[in-house]
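# Reading the structure
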Amino acid sequence: MRRPFAPVAAGENVTLPRRGMRVNTQPAADAEDVVKALRAEAGRVEERLDACLRAGNCPAGLLAAMRYSLFAGGKRIRPVLCVLSARVPAPPGPDLADAVLTFACALECIHTYSLIHDDLPAMDDDDFRRGRPSCHRQFDEASAILAGDALLTDAFALAAGCAGPALPAGRVLRAVAATAKAAGSAGMVGGQFLDMLYTGGTEPGLEQTAAARAGKNDAAPRLEKAATMQVEQSDAVPRTGQTAVARAGKNDAVPRLEKAASLRTGQSGTAPNLEELAAMQAMKTGAMLRLPCEVGAMLAGACPETAGALARYGAALGAAFQITDDILDVAGDAALLGKPVGSDSAARKCTYPSLLGLQKSREIAEQHAERAVTALDGLEGESAALLRGLAAYVVNRVF
Ligand code: IPE
Ligand code: IPE
Ligand code: MG
Ligand code: MG
Ligand code: MG
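All residue numbers refer to position in the chain's written sequence, counted from 1. Working convention: letters from A go to chains and numbers from 1 go to ligands, in the order in which they are written. Thresholds applied to this predicted model are a pLDDT of at least 70 for local features of residues and 80 or more for the giving and counting of side-chain atom pairs; totals over whole chains, interfaces and linings are not thresholded and use all residues.

Counting its secondary structure elements, the chain contains 19 helices and two strands. Here, residue contact means that the backbone-derived C-beta atoms of the two residues sit within 7 Å. Here the analysis covers contacts within the chain between residues at least 6 apart in sequence; of these, 78% occur between residues at least 24 apart. Per the convention used, a helix needs a DSSP run of H or I reaching at least four residues, while a strand needs a run of E reaching at least two, with both numbered from the N terminus.

Set out below in structure tokens:
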């Protein structure tokens, strides 16, 4: 299997995004340039990760499990988003670029930990990840849990250590706080909790979809309206400068989502509606895709307008990313994905395809991607163009 961004031999076909993205005023990099740039940036991330994850006092067996999952060929989208976002305000000097790269690697460590734990038998119980046996299959459950714990914790040491002459400690502190918030109980971990709560339900979503397809009742307009509302919301939230997480904390959305879900079935294994599903995905995946864009802006000292645009971009990209992940679980190729397909329906997960079907899910993912592009309106330069191109890449990807 060709892993994402592995060096391509001359003449080898590269899998490229298929469809174009409507662009407003500024140009988006074309698909080939996006893939090339991703591969180049991902290579730098890998090199830095390799240098950062060295033995020290870490027991050899633990380090082996950490490195096994980390160097298995992930796309490195989160660190690449961070590095590109930091270049949007202005090209950073070499020392600042160096510090940003290390911070970006910390984000990849957190993401990899989330994948290791996501695959555990107590969670999604998936045996393959990044084209090889999941960490707990290659090692054992205890090693996988601890490798995840170590990657998460060490990531914060790596991130905090980025402060220096080129990168003021105040900026790093803000970025570390934002990272903890996005990764934690009100972000990724909270979203994963809701995902588990919603897993194993009675699939009324599938009935709704079937009914909507057959045109038998009013389910389709209702679902479509909810989907459109969600797209609107993804734009509205970042404009206020709040994260989804902050909003959740402020208006009590998370307890409400949890309560609504358990009320419906009175047990775990519940069936969320579209609004609940979108909110859960904004936490479990959106928070960790918006974060690198915010952190890149923060570390580079971007002005509030640029920082806000990048945050809006990241939030919309995150929504597009997870919907596409759900689509790929139905319609993707396991050999390309490097992880199983059909895992969501086997576990009776609530996803966009399970609620709305593939076609509608694709449309909504593309709407989110277009909003990501629109968010960057007015931002010039190569990095902004690459970020715009990346939005199309995210919805057209095959792994
Ligand atoms: C997979 O993330 C998990 C989700 C949040 C959907 P990626 O698709 O970025 O996985 P890697 O890092 O490339 O393996
Ligand atoms: C996981 O979502 C999101 C995380 C926070 C890790 P999924 O469970 O859909 O991710 P995959 O499909 O296993 O990569
Ligand atoms: Mg999961
Ligand atoms: Mg999973
Ligand atoms: Mg998935």
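Picking up after the structure, the text goes on.
This paragraph deals with the site of ligand 2. Should the C-beta atom of a residue, placed from the backbone, lie within 6 Å of a molecule or strand, that residue is near it. Close contacts around ligand 2 come from Ser114, Leu115, Asp118, Asp124, Asp126, Met188, Gln192, Lys284, Thr285, Asp325, Asp329 and Lys339, and that covers them all. Of all elements in the fold, only helix H4 (94-118), helix H8 (188-197), helix H13 (274-300) and helix H14 (304-331) reach the threshold of two or more residues within the shell around ligand 2. In terms of residue count, the dominant contributor to the shell around ligand 2 is H4 (three residues). In this classification, Asp, Glu, Lys and Arg are treated as charged, Ala, Val, Leu, Ile, Met, Phe, Trp, Tyr, Cys and Pro as nonpolar, and every other residue, Gly included, as polar. Looking at the shell around ligand 2 residue by residue, the class counts come to two nonpolar, three polar and seven charged.

Bringing the site of ligand 1 into the picture now. Around ligand 1, the structure places Gly74, Lys75, Ile77, His111, Arg130, Thr285, Gln322 and Asp325. Across the shell around ligand 1, the residue classes break down as one nonpolar, four polar and three charged.

Quick look at H13 now. With 27 residues, H13 extends 36 Å between its outermost C-alpha atoms, agreeing within 8% with the 39 Å of an ideal straight helix rising 1.5 Å per residue. Note on bend: the value at a residue is the angle between axes fitted to the seven residues ending there and to the seven starting there. Along H13, the sharpest change in direction is near 50 degrees and occurs at Gly286. Residues with at least 20 other C-beta atoms within 10 Å of their own are called buried, those with 12 or fewer are called exposed, and the rest are partly exposed. The C-beta atoms themselves are positioned from the backbone. Counting buried positions along H13 yields 26 of 27 residues, so the element is predominantly enclosed. To estimate the expected span of a helix, subtract one from its residue number and multiply by 1.5 Å.

Next up on the list: the confidence of the model for the chain. With 76% of its residues at a pLDDT of 70 or more, the chain has an overall mean of 84. For the stretch residues 1-23, pLDDT sits under 50, and the model shows 38 contacts to residues farther than four places along the chain or on other chains. The pLDDT score gives, residue by residue, the confidence of the prediction method on a 0 to 100 scale. This stretch, residues 232-251, has a pLDDT under 50; its non-local contacts, to residues over four places away or in other chains, come to 34 contacts.

Time to look at unusual backbone geometry. Located in the positive-phi region is Arg76, a residue other than glycine, with phi close to 65 degrees. As for its placement among the helices and strands, Arg76 is situated in the loop between helix H2 (60-70) and helix H3 (77-87). Exposure remark for Arg76: the 25 C-beta atoms within 10 Å place this residue in the buried category. Positive phi values are uncommon outside glycine, yet Arg130 reaches one of about 50 degrees. Arg130 gets classed as buried once you count the C-beta atoms within 10 Å, which come to 23.

Quick look at the packing of H2 against helix H6 (residues 141-160) now. Fitting a line to C-alpha atoms yields each axis, with helices limited to the stretch in contact; the angle taken between N-to-C directions then spans 0 to 180 degrees. Put simply, H2 and H6 touch, their axes get as near as 9 Å, and they point 75 degrees apart. With respect to H6, the element H2 is oriented roughly perpendicular. Facing H2, whose interface residues are Gly61, Leu62, Ala65, Met66 and Ser69, H6 presents Ser143, Ala144, Leu146, Ala147, Ala150 and Leu151. Each residue belonging to the contact of H2 with H6 can be placed in one class, and the counts come to eight nonpolar, three polar and no charged. Any angle from 65 to 115 degrees is called roughly perpendicular, while one under 35 is roughly parallel, one over 145 is roughly antiparallel, and all others are oblique.

Turning to the packing of helix H1 (residues 31-52) against helix H19 (residues 382-396), a few remarks are in order. Two elements in contact, H1 and H19, have axes whose closest approach is 9 Å; the angle formed by their N-to-C orientations is 100 degrees. If you check the angle between H1 and H19, you find them roughly perpendicular. Taken together, the residues of H19 that come into contact with H1 (itself represented by Ala31, Asp33, Val34 and Ala37) are Leu386, Gly389, Leu390, Ala392 and Tyr393. Split into classes, the residues belonging to the contact of H1 with H19 amount to seven nonpolar, one polar and one charged.

With that out of the way, let us pick up the nonpolar core. When buried Ala, Val, Leu, Ile, Met, Phe, Trp, Tyr and Cys residues are joined through C-beta atoms within 7 Å, the set is termed a nonpolar core. Ranked by size, the top nonpolar core spans 113 residues in total, and within it Val100, Phe103, Tyr313 and Ala320 carry the most contacts. When residues in this core are grouped by element, the largest group, 17 residues, is from H13. Contact partners of Ala320, with chain neighbours within four places excluded, come to Ala365, His368, Ala369, Ala372, Ala391, Val394 and Val395.

Turning our eyes to something else, we now look at H8. Counted residue by residue, H8 has seven buried out of 10 residues, so it is predominantly covered. Within the span of H8, buried status applies to Met188, Gly190, Gly191, Gln192, Leu194, Asp195 and Leu197.

Along the chain, the position of Thr324 falls in helix H14. Leave out the neighbours within four places in its chain, and Thr324 touches Ala365, Val394, Val395 and Arg397.

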